[in-house]
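# Inside the fold
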Amino acid sequence: MMQMFKRIADIFNSHVNSALDKLEDPEKMINLMITELEETQSKARSSMAARKAEQASLEREKAELEKALLRWDDRAKLAITNGREDLAREALIEKNNTKARIKRIEELETNLQTILASQSSQLTQIADKLKEVKDKQQILVQRARSAKEKKQVAETLKSSDSTDLARKFSELESKIERMEADAEMAGYHGTTSAADEFSIMENEHEIDAEMEVLKASMSKKKEMEQQ
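All residue numbers here refer to positions counted from 1 along the written sequence of the relevant chain. In view of the model being predicted, local features appear only for residues whose pLDDT reaches at least 70, and side-chain atom pairs are presented and counted only at 80 or more, with totals across whole chains, interfaces and linings using the full set of residues. Each side-chain value is derived from all of the structure's non-hydrogen atoms; neither hydrogens nor water enter the calculation.

## Focus on the overall build of the chain
Looking only at helices and strands, the chain features five helices and zero strands. When the helices and strands of the chain are listed from N to C terminus, the series reads α-α-α-α-α. Expressed as a percentage of the 227 residues in the chain, the buried residues total 20%. The accessible surface values rely on the Shrake-Rupley method and a 1.4 Å probe; as for residues, cover is taken only from the protein chains in view. Total accessible area on the chain is roughly 17,700 Å²; 53% of this is exposed by carbon and sulfur atoms. Runs of H or I in DSSP of at least four residues are treated as helices and runs of E of at least two as strands, each being numbered from the N terminus. For each residue, the accessible area found with a 1.4 Å probe, counting protein chains only, is set against the maximum for its type, and the residue is called buried under 20%, exposed over 50%, and partly exposed in between.

Here's what the structure looks like:
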């Protein structure tokens, strides 16, 4: 019985702790812990049920022996009444043997009660631990995954040389600049399009018109000054 419950300590000590330290698969390991606890709980319940059945059997046997004890006592008295001391002696011997058997059963019952009390306490501990693990299962998995990811990032950064990263970034920037220049050149044909020529002509016409207005204004101002 003690060996079965010792598995609980094994689960929460070297075996599981070692696996969680390595962070190989925290969710799998926590599920394993739950499975192990549930199996242990099932076996403990089965064992406790067997002990209770044994206790009930002892109670029945004791009740039968107590009836036999009264019967042998009555037979001893009956034998004495009928002058049969020999039979009375045999009845008293059987009575004493029955008493001894009842005493042994009572000792077994006391021992069983101690075992059952211990098993009940252990079952409570298993149930509490199982509930605790299940309640914290998702949080523990998230924390383990986060720790694993942080460790992987730290190892990646540690293994990367900062000078090498700067060089690669500079090369990437140069490539992007070349791509942008190529994109601009792709739209340049070396000749002015009709739309461009119209735009130039429209701009020149606006400038010519402004020039004429400016000249007229200055000529008018000059004539006014001469008067």
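We are not done yet, so read on.
## Details of the environment of Ser-120
In this fold, Ser-120 is placed in helix H3 (residues 85-159). Residue Ser-120 is classed as partly exposed on the basis of its relative accessible area of 33%. Between the C-alpha atoms of Ser-120 and Ala-44, which are 76 residues apart in sequence, the distance is 9.0 Å.

## A few points about helix H2 (residues 26-81)
Expected span of a helix, by definition, is 1.5 Å for each gap between consecutive residues, and there is one gap fewer than residues. Over its 56 residues, H2 extends 82 Å from the first C-alpha to the last, a length consistent with the 82 Å expected when each residue adds 1.5 Å. Just beyond H2, the residue with positive phi is Gly-83, at close to 70 degrees.

## A closer look at the pattern of salt bridges
Opposite charge on two side chains allows them to pair when their charged atoms are near. A carboxyl oxygen of Asp or Glu within 4 Å of a side-chain nitrogen of Lys or Arg is what we treat as a salt bridge. A complete count under the given rule lists eleven salt bridges for this structure. Measuring nitrogen to oxygen at the nearest pair gives 3.3 Å for the salt bridge that ties Arg-51 to Glu-54. Residue Arg-51 and its partner Glu-54 are located together in helix H2, separated by three residues, close to a single helical turn. The exposure class assigned to Arg-51 is partly exposed, which follows from its relative accessible area of 24%. Salt bridges linked by common partners bring Lys-62, Glu-106 and Glu-109 together as one network.

## Observations regarding the confidence of the model for the chain
Counting all residues, the mean pLDDT for the chain is 78, and 73% of those residues have values of 70 or more. Confidence scores here are pLDDT values: one per residue, from the predictor, ranging 0 to 100. Here helix H1 (residues 2-22) stands out as the least confident element of the chain, with mean pLDDT 52; H2 is the most confident, with 90.

## Concerning the nonpolar core
Ile-30, Met-33, Ile-34, Leu-37, Ala-44, Met-48, Leu-116, Leu-123, Ile-126, Leu-130, Val-133 and Val-141 together form the largest nonpolar core, which totals twelve residues. Formed by six residues, the second largest nonpolar core is a distinct cluster that contains Leu-58, Ile-102, Ile-105 and Leu-112. What we call a nonpolar core is a set of buried Ala, Val, Leu, Ile, Met, Phe, Trp, Tyr and Cys residues that are connected through their side-chain atoms within 4.5 Å.

## Let's talk about the side chain of Asp-73
Mapped onto the fold, Asp-73 is located in helix H2. As used in this structure description, the phrase polar contact means that two N or O atoms lie within 3.5 Å; if the pair is within protein, one of them must be able to donate a hydrogen and the other to accept it, and residues adjacent in sequence are counted only when both atoms belong to side chains. Among the polar contacts listed, one links the side chain of Asp-73 to the side chain of Lys-95, at a separation of 2.7 Å.

## Quick look at the environment of Lys-131
Topologically, Lys-131 is positioned in helix H3. For Lys-131, a relative accessible area of 52% puts it in the exposed group. Along the sequence, Lys-131 and Ile-34 sit 97 residues apart, while their C-alpha atoms lie 9.3 Å from each other.

## Here we look at a nonpolar patch on the surface
The patches described consist of residues with a relative accessible area above 30% and no salt bridge, like charges being joined within 9 Å and nonpolar side chains (Val, Leu, Ile, Met, Phe, Trp, Tyr) within 5 Å. Side chains of Ile-207, Met-211 and Leu-214 sit close together on the surface and give an oily, nonpolar patch of about 290 Å² of accessible area. Position of Ile-207 among the secondary structure elements: in helix H5 (residues 194-226).

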